Every structure is written in structure tokens, then in C-alpha cells.
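Chains, contacts and geometry: an overview
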Amino acid sequence: MKGTKNGIIKNNIKRRPSLSKPQTFLSLGRQDISRVPILLLTAFISALAIQSRISIEQLFGGFLITSVLLFILYKDIMRYKPAYINNYNMLILLCFLLVFNLLIGRLFNYLLYSLSKGTGFVSLEGAIFGMPLPAGAMLVTLLFDFHTAITFSFTMSLLTGLWLQDASYIIYAFVGSLTAAFSVIRCKKRSALIWGGLYIVLVNITTLIIILLFEGDLFTTKTLSSMSFAMIAGVSVSAIVSLLLPLLEYTFKITTDISLLELLDLNQPIIRNLMITVPGTYHHSVIVGSLAESAAEAVGVNPLLARVSSYYHDIGKVKMPEYFIENQVVTESKHDSLTPHMSSMIIVNHIKEGVEIAKENKIPQPIIDIIQQHHGTSLMSYFYQKAKEQKTDILPSESDYRYPGPKPQTRVAALIMMADAVEAASRVLTDPTPARISSLVDRIINHIFLDGQLDECELTLKDIHEIKRCFTYILTGIFHKRIDYPGFDFTDEGIYREQTKVDKVKSAEKNKSHKEGTQVPRSQRS
């Protein structure tokens, strides 16, 4: 026993090489170095975009400043959202948005300056307040998250202030960008983009008045033109984001809440086929969606992604629906005539079929990943036990009766795995009281945890406790009690007894009518 403990301690030490060499903010790993070329290219293009005059010195200085700001942005994302950096497409997208925002600002500045000159505005300096710089922060919030948008807005504001050589404009750009980010945190409809533009108009005008007041230019000819361009900026942001968002979603294979809501439409071909072909699986998926969505709210992940993924997680069952118990309408199971190994292969195949259907219908990659991961490498215990009970010389291998995986990589995938297992197990409860439901939820989730299915996601013990509480609450509401209706007996015995009475009455009426029909009147007798 002592040797075993020493072995465990030694293994734990080997698994933690990072303890001896802690990483600092300035340290770069091998993966970080591989990202350097794209960051340097972005810094160089950004330095070109912020040039106010043709000068090698200014270009080199701008390149160094931009590199420092990009390094800070990169390390911040690595600290809080490393998944974005690990995905090379997301890093390219972030760099593209930074460069695009600077270039579109430069273009609008030129066009608005020319417009103000052509329309005869006395003050031409107000054109800078019409640049739609908040569009970048709004897109980053929709495609990444709010935290990334804050750092992005800070970087963009500093670069723009450096280009314009105006410290007060940094405040204007930063406040407008934060407003844009705040306005679409819970964006569920494309109309929210229009409202976001209106919020930007109001905040831009307010910030502009404060800046002009600080500079002593509030009651000058500059005010009217500047406020007009500030309104143009808000409207331009809504237009740019509305046009660019679908293109970026399609090009970089990113799923936003707006596209998730479109997938939730019951007229989607996959959902409609699920409702008609496999109504049992569809009903199961709806309940799994309710469980996963409530738990997602509790643990702080995207509840809409949890619900949509739940609706699509079992779409592979449409290929062979009769082999899944929720779709069987006869008492005899198709698996009774098959070997346990063949049955397990059919059950496992619904994962592969689901992935193929999802790819054919261009379902977003996060949902496809959840389709693959929602069973992890869990054991099909029913068929494994059935195989063990067969009288053979060789015991069945447990690996032949496990799903191929991978294990859930995200908290949403883990939620759907647990919700799927809990919903299926709840169907066998004979008397679903709250205490029994709570015990069932606790037992199923503990089994998943001890089986190691949650080892590769970021769920904490506190999250698991919240998930159990939410699942118990939802299932208790589903399996609620009903009062007995007066005059009706819905037990099996009552139904059969009532049916027997009805049959007796019908039989008596039939015999009576038969006797009356066979009697002949005296006048017609011979």
C-alpha cells in the first residue's frame, strides 16, 4: 500500500511539469510562436492604415506600437479565452476585423470629409465623428464574446487616436465601441442590430457634447456638423454589421445566436422530418432541450446553443427509427432477433448517421461536435450485460460495447450528455415522486462522472451540483401528479372493467334488435 501511494504521488508530479517553470505574461510557447507571422502581418497593415504622412520613421514607429497593442490583445485572449487562439480561423478573423475596422474608418473619413467640403460646411473637423468604428466591436461581440470586444475596443481606440493625433477622440471611439458591444450581448434577432445603431447615435451625441464642452467648442459652428456626422456613424454601424455578419458566419463557419434561432425553426427540413418520421425521438429531444437549457442558464454557458444542439443531437435515428425504443409501436423489439454485438453496432451507428445528415444540411460545426460527443465513450450496459449472459467461452470485450467518442470537450456537450441520460432513465420510474426523481438524477450524473466522461470539459463540482438541481426541478414539473376525475377510473383494472360493461350493453342491444327483427306480424303469417 505504501508503494502504491508513492507511485501515485510520483505520477502526479510527472503530470505537472508546468509547476517548475511557471509562464509569465511575456513568455511565449511553441504555439504562440507559430502565431507570430499573422500577428506581425496584421501589425504592419495596421501601421500602414494609421499613417498620417509618408514617412519611414512614422511607419516603423507605428509598426512597433501596433505590435505592442496586438501582443497585449493576444495575451489577454490567451488568458481568458484560449479556445479562440487555438482555432487558427478565429485568430485570422480577429486580425481581419482589426484591419478592416481601421480601413473602413479611413475610407469613411475621406468620404465624409469630401462630403462636408462639397456641401459647404464651415467646420471640416467634424467628419472624424462619422467613422463607424463601433462596427468592429459589435462584430467581435457577436462572433466572439463581450470580454474580447472590450480589449478590441481599447486597442482600436488607441490606434485611431494615434492616427488622428487627438487624445479626446480616443474617449469618443472607446465609449461608442463599448455601447455597440453592450447592445448585442443578448442579440436574438437581426432587428437588435438596428436598435444597437440607435443606441450608438444617442451615446455618440452625448459623448460629443461632453468633449466639445471640455474643449470649449460647444457653442461654435463645429457642433452642428459634428452631431450630424455622429448620427451618420450610428446608422452606418447597423448597415455594415447587417451586411457583413452573414458573410463572416459563412466564411469562417461561426455560429451566432441569430443563426441558432433560425435552426430552431420547426419548418427546418431536419426538424420537420424528425417530427414526422420519429416522433418519439423528437419528443425526447424537446425534453432534453428543456433540461439542458435550464442547466446552461445556471452554469453560465449559452442556453440557446444547448437547446438547439439538443434538438439535433439524435437526428441520426431517422435512418433506422424502429431500433430505438422511443419509436417502437409494437411490444416485440427488433433487437430480440439480433445478437448483442449487432445491436450495439446499430445503436452506435446513429452517431455517424447524425454527423452525415448534419454535414449534408450545413449544420454549424459546434452542433456537429455535440452530436459526436453527446455519448462520449460511455458503455451500452444493456447489450453488454446481455452479451455476458450468453454461454460462450470468451467473455465479451467492454470496448466493443462503448461509443467511439470523443468525450465531451465543452460544457454544453457535457450538459446534453447528462440531460440525455437522465431523460431516458426517468422513463422507467414507476412512481416518479420528487424524492425518487432527485435520487435518479443524482445516481445517473454520478455514474457519468465516475466513468470519466467529464474529464475533458471544464465543468466544476459546483456546476454539477447546479445541474442536478435544475434537472430535478424540470423533471418534477414534467412528472407532476394529477387529481382523479369524478366518474372516471384510469387504472388498467378500471379501463378493462369499463370496457366489459360497454361490451355487455352492446351485446344486449344487439340481441334485442335481432329478436325484434325475426318476429313476423300475425297478418303476414300463412
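What you see is a predicted model; the values in this text were computed from it and never measured.

**Some details on the packing of aromatic side chains**
Evaluation of the coordinates by the stated rule reveals 11 aromatic pairs. Positioned over the ring face of Y80 is R79, at 5.2 Å from the centre of the ring.

**Thoughts on the pattern of salt bridges**
All chains considered together, the criterion is met by 12 salt bridges. Across the salt bridge formed by D463 and R411, the nearest N and O atoms sit 3.7 Å from each other. Here R411 lies in helix α19 (residues 411-426) and D463 lies in helix α21 (residues 461-478), a separation of 52 residues in the sequence. According to the relative accessible area criterion, D463 is buried, its value standing at 11%. Here R411 falls in the partly exposed class, since its relative accessible area comes to 23%. Residue R427 is joined to E423 by a salt bridge in which the shortest nitrogen-to-oxygen separation is 2.8 Å.

**Here we look at the side chain of N109**
Here N109 shows up in helix α6 (residues 88-119). Looking at N109, the relative accessible area reads 17%, which means it is buried. Every residue in contact with N109, bar those within four places of it in the chain, is listed here: A127, I128, M131 and W163.

**Focus: helix α7 (residues 134-143)**
Turn by turn, an α-helix covers 3.6 residues, leaving residues three or four places apart pointing in a common direction. In terms of residue burial, α7 counts as a mostly covered element, since 10 of its 10 residues are buried. Taken together, the buried positions of α7 are P134, A135, G136, A137, M138, L139, V140, T141, L142 and L143. Considering only its buried residues, α7 is in contact with α6, α8 (146-164), α9 (167-183), α10 (191-215) and α11 (222-252).

**So, the packing of helix α14 (residues 279-299) against α19**
Axis separation between α14 and α19 bottoms out at 9 Å; the angle between their running directions is 135°. With respect to α19, the element α14 is oriented oblique. Considering the relative orientation of α14 and α19, their crossing is right-handed. Between α14 and α19, the residues in contact are H284, I287, V288, L291, A292, A295, A296 and V299 and R411, L415, I416, A419, D420 and E423, respectively. Looking at the contact of α14 with α19, its residues break down into 10 nonpolar, 1 polar and 3 charged.

**Things to note about the packing of α19 against helix α20 (residues 434-450)**
Put simply, α19 and α20 touch, their axes get as near as 10 Å, and they point 135° apart. Viewed along their axes, α19 and α20 adopt a mutual orientation that is oblique. Classified by chirality, the crossing of α20 by α19 is right-handed. In this structure, α19 uses M417, M418, A421, V422, A425 and S426 to contact α20, whose residues at the interface are L440, V441, I444, I445 and I448. Its residues placed into classes, the contact of α19 with α20 shows 10 nonpolar, 1 polar and no charged.

**Remarks on the nonpolar core**
L97, M138 and F144 are the most contacted members of the largest nonpolar core, which totals 68 residues. The biggest single contributor to this core is α6, with 12 residues. Excluding residues that lie within four positions of it along the chain, M138 makes contacts with A180, S183, V184, L193, G196, I200, V237 and V241. Formed by 53 residues, the second largest nonpolar core is a distinct cluster that contains V355, V422, I445 and I464.

Cut-offs used in this document
Residues numbered from 1 in each chain as written. Predicted model: local features only at pLDDT ≥ 70, side-chain atom pairs only at ≥ 80, totals over all residues. Heavy atoms only, no water. Phe/Tyr/Trp six-rings, centres within 6.5 Å; stacked < 30°, edge-to-face > 60°. Lys NZ or Arg CZ within 6 Å of the ring centre and 35° of its normal. Salt bridge = Lys/Arg side-chain N within 4 Å of Asp/Glu carboxyl O. Helix = DSSP H or I, 4+ residues; strand = E, 2+ residues; numbered from the N terminus. Buried < 20%, exposed > 50% of the residue type's maximum accessible area, 1.4 Å probe, protein only. Contact = heavy atoms within 4.5 Å. Axes fitted to C-alpha atoms, helices over the stretch in contact; angles between N-to-C directions. Parallel < 35°, antiparallel > 145°, perpendicular 65-115°, else oblique. Left-handed = near helix turned anticlockwise from the far one by under 90°. Nonpolar A, V, L, I, M, F, W, Y, C, P; charged D, E, K, R; others polar. Core = buried A, V, L, I, M, F, W, Y, C linked by side-chain atoms within 4.5 Å.

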